[in-house]
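Given next are the chains, with one letter for each unit.
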Amino acid sequence: MLRWILWAMLFASFVNAKSLEASYTIKYGVFGQMGIAQATYEQKDGKYHISLAAKTTGMARFLSGEREEFFESRGVVEDGLLKPMEYRHVVVRNSQEVQGLQGWKSVQKVSEKTYTFDHKNRLIRIKRSKSKNGEVYATSQDSLDYYADDDLLSLFFNFSTRMEDSREDKILYAVGANKKDGSIHVKLLGQNGDEKEYLAILNEPIFSSKDGALRISLDSQGLCTKATLKNVLLFGDIRAIVDDKKP
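The text that follows walks through the structure, step by step, so that each part is easy to find. (Residues numbered from 1 in each chain as written. Predicted model: local features only at pLDDT ≥ 70, side-chain atom pairs only at ≥ 80, totals over all residues. Heavy atoms only, no water.)

### Things to note about the pattern of salt bridges
- Tallied over the entire structure, the rule returns six salt bridges.
- The salt bridge involving Arg88 is made with Glu72; its shortest N-O contact spans 3.4 Å. In this pair, Arg88 sits in strand S5 (residues 81-98) while Glu72 sits in strand S4 (residues 68-78), placing the two residues 16 residues apart along the sequence. (Salt bridge = Lys/Arg side-chain N within 4 Å of Asp/Glu carboxyl O. Helix = DSSP H or I, 4+ residues; strand = E, 2+ residues; numbered from the N terminus.)

As structure tokens, this is what we get:
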């Protein structure tokens with residue numbers, strides 16, 4: 001669930017910026033703040049680097065085993081678009097495990113996925129690894145069943161070009177999105193002052209939200225100022241709100 005809220009927060013187009021930093025607070029109904037995130041974007045010498053770090057807070061941090069997530073995209077800039085070469089997603093969390101007669105012991109588990117793009121052959125390779133307290137215990141390599149020009153982070157910055165004045169529903173594709181084919185259904189809802197509002201259907205039952213429907217507001221610079229995941233469980237909406245941004 002957290003990765004989709006992060007996706008909504010950074011859903012933007014900054015391809016003309018050389019650098020960008022933004023921080024967000026994630027709130028969930030009566031529970032209040034449940035997470036914070038920090039995003040950075042850098043572009044230099046025809047190459048780009050995007051990073052996003054997020055962690056749960058308060059009760060959500062306790063219930064999730066102090067869960068933290070890290071996203072990273074690296075690639076080149078061609079014809080005004082970001083072209084990813086590598087996309088990385090890391091999840092870190094703590095859990096309690098029985099250690100024989102010694103009782104329970106806290107262990108740190110890390111799950112990492114690294115995607116490598118072969119645009120020429122329209123192929124994406126994925127390498128997975130899992131570790132416990134710094135020791136790797138499982139690895140695998142494979143190829144995805146689909147190809148996409150973007151990963152989730154590059155799509156944020158390519159979004160305006162991908163949509164290009166579309167007034168109807170449009171399907172975009174990104175590695176890290178829908179597990180089956182990377183698809184995301186996007187619809188322009190309209191204009192509210194200086195902000196444009198979109199609806200993104202992620203086609204996954206996120207946190208008991210029926211279709212994973214995200215309502216997103218973008219300001220005149222293309223930065224997401226607010227994102228809402230509607231009707232979650234019995235407690236209402238999850239909201240991501242921008243705290244600070246600086247070029």
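There is more to say after this.
### Some remarks on unusual backbone geometry
- Within the chain, Asp79 stands out as a residue other than glycine whose phi angle is a positive 55 degrees.
- Note on placement: Asp79 falls in the loop between S4 and S5.
- Given a relative accessible area of 80%, Asp79 falls into the exposed group.
- Residue Asn133 is not a glycine yet carries a positive backbone phi of 50 degrees.
- Inspection of the secondary structure assignment puts Asn133 in the loop between strand S7 (123-132) and strand S8 (135-143). (Buried < 20%, exposed > 50% of the residue type's maximum accessible area, 1.4 Å probe, protein only.)

### Observations concerning the pairing of strand S12 (residues 195-201)
- Pairing analysis gives seven bridges linking strand S11 (residues 183-192) to S12, with the strands arranged antiparallel. Directly across from Asn192, in S12, lies its bridge partner Glu195.
- As consecutive antiparallel partners, S11 and S12 are separated by two residues, and within that stretch Gly193 has a phi angle of approximately 70 degrees, a positive value. (Pairing = 2+ DSSP bridges.)

### A look at the packing of aromatic side chains
- If you walk through the whole model with that rule in mind, you get one aromatic pair.
- Aromatic side chains Tyr87 and Tyr115 sit 5.7 Å apart centroid to centroid with 35 degrees between the ring planes, which places their arrangement in the tilted category. One end of the pair, Tyr87, is in strand S5; the other, Tyr115, is in strand S6 (residues 104-118), with 28 residues separating them in the sequence.
- Between the NZ or CZ atom of Lys132 and the centre of the ring of Tyr137, over which it lies, the distance is 5.8 Å. (Phe/Tyr/Trp six-rings, centres within 6.5 Å; stacked < 30°, edge-to-face > 60°. Lys NZ or Arg CZ within 6 Å of the ring centre and 35° of its normal.)

### Quick notes on the nonpolar core
- Formed by 37 residues in total, the largest nonpolar core has its most connected members in Tyr87 and Val175.
- Considering every element that reaches this core, the biggest residue donor is helix H3 (residues 152-163), with seven residues.
- With sequence-adjacent residues up to four places away left out, Val175 is seen in contact with Tyr87, Tyr115, Phe117, Ile124, Leu144, Tyr146, Ala148, Asp150, Asp151 and Leu152. (Core = buried A, V, L, I, M, F, W, Y, C linked by side-chain atoms within 4.5 Å. Contact = heavy atoms within 4.5 Å.)

### Description of H3
- Here H3 lies mainly inside the structure; nine of its 12 residues are buried.
- Within H3 the residues assigned to the buried category are Leu152, Leu153, Ser154, Leu155, Phe156, Phe157, Asn158, Phe159 and Met163.
- Between the side-chain oxygen at the start of H3 and the backbone nitrogen of Leu153 there is a gap of 2.9 Å, and the oxygen is on Asp151. (Polar contact = N/O pair within 3.5 Å; in protein donor to acceptor, adjacent residues only side chain to side chain.)

### Concerning a positive patch on the surface
- A surface patch of like charges, here positive, comprises Arg93, Lys113, Arg128, Lys130 and Lys179.
- Locating Lys179 in the fold gives a position in the loop between strand S10 (170-175) and S11. (Patch = residues over 30% accessible without salt bridge, like charges linked within 9 Å, V, L, I, M, F, W, Y side chains within 5 Å. Areas by Shrake-Rupley, 256 points an atom, 1.4 Å probe, with all protein chains shown as cover. Lys, Arg positive; Asp, Glu negative; His and termini not counted. Charge placed at Lys NZ, Arg CZ, Asp CG, Glu CD.)

### With respect to the environment of Ser51
- Mapped onto the elements, Ser51 comes out in strand S3 (residues 47-56).
- Here Ser51 falls in the partly exposed class, since its relative accessible area comes to 22%.
- A distance of 2.5 Å separates a polar atom in the side chain of Ser51 from a polar atom in the side chain of Thr40.

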